[in-house]
Amino acid sequence: METTTVKAFGTDAAEAPLNQMNIPRRKATAHDVEIEILFCGVCHSDLHTARSEWGGSMYPCVPGHEIVGRIVNIGGHVNKFKVGDIVGVGCMVDSCRECQYCQEGLEQYCEPGMVGTYNAPDKHLPGNPTFGGYSEKVVVDENYVLRIPDNMDLAAAAPLLCAGITTYSPLRHWKVGPGQKVGIVGIGGLGHMGIKIAKAMGAHVIAFTTSESKFAEAKRLGADEVVLSKDEEQMNAYTGKLNFILDAVSAKHDINAYLKLLRVDGSLALVGAPEEPLPVAAFSVIMGRKSFAGSAIGGIAETQEMLDFCGKHNITADIEMIDIQKITEAYDRLLKGDVKYRFVIDMASLKN
Ligand code: NAP
Ligand code: ZN
Ligand code: ZN
């Protein structure tokens, strides 16, 4: 396989900071598009993976799966895109395409496993992991590439590729809409998109935050009500009131305190992925026939549907743009919940 060398930012070990490095990219094969990366969002999963908090990270690790860029080259059999198109790449770059789930558009649950944009074995470059969007370029099969609606600011669109679809997919699956009270827990990158999307779907949205500063302004994002989750009295006022809860918290927290807020037959879907288990008390789900569920990103067709939905409703992320050289500082601030609400890397800074 022919390769070229491109600049990237990544790490060689869980304990090491991210630094500039060179990585190989394959030359575009028949169905590939080569994308010059313009912007890449910083997802908390990047941090979990770079630091191997879930275990099993492969090194060198180049994170980044909220990619927006411009196509600079295409393979001979590409028919969905042309050179110059503005496109997105999210959390997966391939899947088996044959299993029941791939056939149903649920590639994220592919039976042999989807191929992650980073930290997955790269079948094209054996011995290497896939490398993510903290890099100059990426080469992706056209079937795993998304179209960015024309009306979107490109930097603010990048977080839709993970935070957007990860919240859109469960909100759709659990049929959130008018007449429903929906809780969004943890107002970070995912949570703030959850508020915007649930609101656009017509739900009555209640944001739950541990941060006083977000309490003051969550309504600007579209929340109808805001609850300071550390305040037991405020929490108790919602006991048995919610139809659905989307939990996007990145660290250990008490799930039972939220299951209590569901109505009979209500569901809580976890999208946040803390490294430790979250104990669920039997009576938190027995009383009220409640469901405790989870959800991973979304399929390719659903991701395009989400982008088009966001385009139509003028939804993008609230971002803070950073240079790639500030990534360690950004990770430290992410851990403190100190970002409103998504860091996006201006990839032009990688040229510095
Ligand atoms: P983020 O921007 O860091 O947001 C996480 C939010 O959780 C924080 O803003 C904070 O919200 C809250 N939080 C953090 N520590 C907390 C604690 N100790 N107790 C209570 N609340 C706390 O992260 P993100 O990028 O949105 O990602 C969130 C999680 O989803 C991560 O674990 C990530 O790996 C996971 N994820 C999953 C999928 C999937 O497919 N399921 C996809 C992407 C990401 P407040 O300040 O409002 O309290
Ligand atoms: Zn992500
Ligand atoms: Zn499959």
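Keep in mind that what you see is a predicted model, and the values were worked out from it rather than measured.

Cut-off values and rules
Residues numbered from 1 in each chain as written. Chains lettered and ligands numbered in written order. Predicted model: local features only at pLDDT ≥ 70, side-chain atom pairs only at ≥ 80, totals over all residues. Heavy atoms only, no water. Donors = N, O, S within 2.8 Å, 3.2 Å for Na, K, Ca; no water. Tetrahedral: all angles 85-135°; square planar, octahedral: opposite > 155°, others 65-115°. Buried < 20%, exposed > 50% of the residue type's maximum accessible area, 1.4 Å probe, protein only. Helix = DSSP H or I, 4+ residues; strand = E, 2+ residues; numbered from the N terminus. Expected span 1.5 Å × (residues − 1). Contact = heavy atoms within 4.5 Å. Pairing = 2+ DSSP bridges. Core = buried A, V, L, I, M, F, W, Y, C linked by side-chain atoms within 4.5 Å. 1 Å grid on protein atoms, 1.4 Å probe; cavity = no way out; pocket = protein on both sides within 12 Å on 5 of 7 lines; lining within 4 Å. Points joined across faces, edges and corners; volume = space filled by probe spheres on them. Nonpolar A, V, L, I, M, F, W, Y, C, P; charged D, E, K, R; others polar.

Student: Before we go on, may I ask you to explain the coordination of the zinc ion (ligand 3) in this structure?
Tutor: Where a metal carries four tetrahedral donors, each ideal angle is 109.5 degrees; where it carries six octahedral donors, the ideal angles are 90 or 180 degrees. Protein-derived coordination of the zinc ion (ligand 3) comes from C96 (SG), C99 (SG), C102 (SG) and C110 (SG), at a distance range of 2.3 to 2.4 Å. Each of the four donor atoms bound to the zinc ion (ligand 3) contributes to angles spanning 102 to 118°, and the resulting shape is tetrahedral. Each donor residue of the zinc ion (ligand 3) belongs to the same chain, and together they define the spacing C-x2-C-x2-C-x7-C. What makes C99 buried here is its relative accessible area of 8%.

Student: I tried to follow helix 5 (residues 189-200) on my own but got confused; where do I start?
Tutor: Counting along an α-helix, one turn takes 3.6 residues, and residues three or four places apart therefore face a common direction. With twelve residues, helix 5 ought to run about 16 Å at 1.5 Å a step, and its terminal C-alpha atoms sit 17 Å apart, in line with that. Most of helix 5 is tucked away: ten of the twelve residues are buried. Where helix 5 is concerned, the buried positions are G189, L190, G191, H192, M193, G194, I195, K196, I197 and A198. Looking at the packing, one finds that the buried side of helix 5 touches helix 4 (163-173), strand 10 (181-185), strand 11 (204-209), helix 7 (218-221), helix 11 (300-312) and strand 17 (342-346). In the stretch just after helix 5, G202 is the one whose phi turns positive, near 100°.

Student: Whenever I open this one, the pairing of strand 17 confuses me. Can you help?
Tutor: Along any regular strand the residues' side chains alternate between the sheet's two faces. With four of five residues buried, strand 17 lies mostly within the body of the structure. Where strand 3 (residues 32-41) lies against strand 17, three bridges are found, and the strand directions are antiparallel. Counterpart to C40 in the pairing with strand 17 is I345. Where strand 16 (residues 319-322) and strand 17 come together, four bridges link them in parallel fashion.

Student: Would you explain the nonpolar core in this entry?
Tutor: It is characteristic of soluble globular proteins that their nonpolar side chains tend to be buried jointly. Counting residues in each nonpolar core, the largest one holds 89 residues, and the members touching the most others are Y134, L171 and I327. By residue number, the principal contributor to this core is strand 3, which donates six residues. Those residues in contact with I327, other than ones at most four positions away along the chain, are F9, L18, V42, Y134, I322 and I345. In terms of nonpolar packing, the next biggest core, distinct from the first, is built from 17 residues, I206, I245, Y258 and L268 among them.

Student: So what exactly am I meant to see when it comes to the layout of surface pockets here?
Tutor: If a probe as big as a water molecule is rolled over the atoms, it shows which places are left empty. Considered as a void within the structure, the second largest pocket measures approximately 280 Å³ in volume. The wall of the second largest pocket is formed by 20 residues, among which R26, V93, D122, H124 and V139 lie closest to the centre. Within the residue set of the lining of the second largest pocket, elements represented by two or more residues are strand 2 (19-26), strand 6 (92-94) and strand 8 (137-141). Residues belonging to the lining of the second largest pocket are distributed by class as follows: nine nonpolar, three polar and eight charged.

Geometry only, nothing functional implied.
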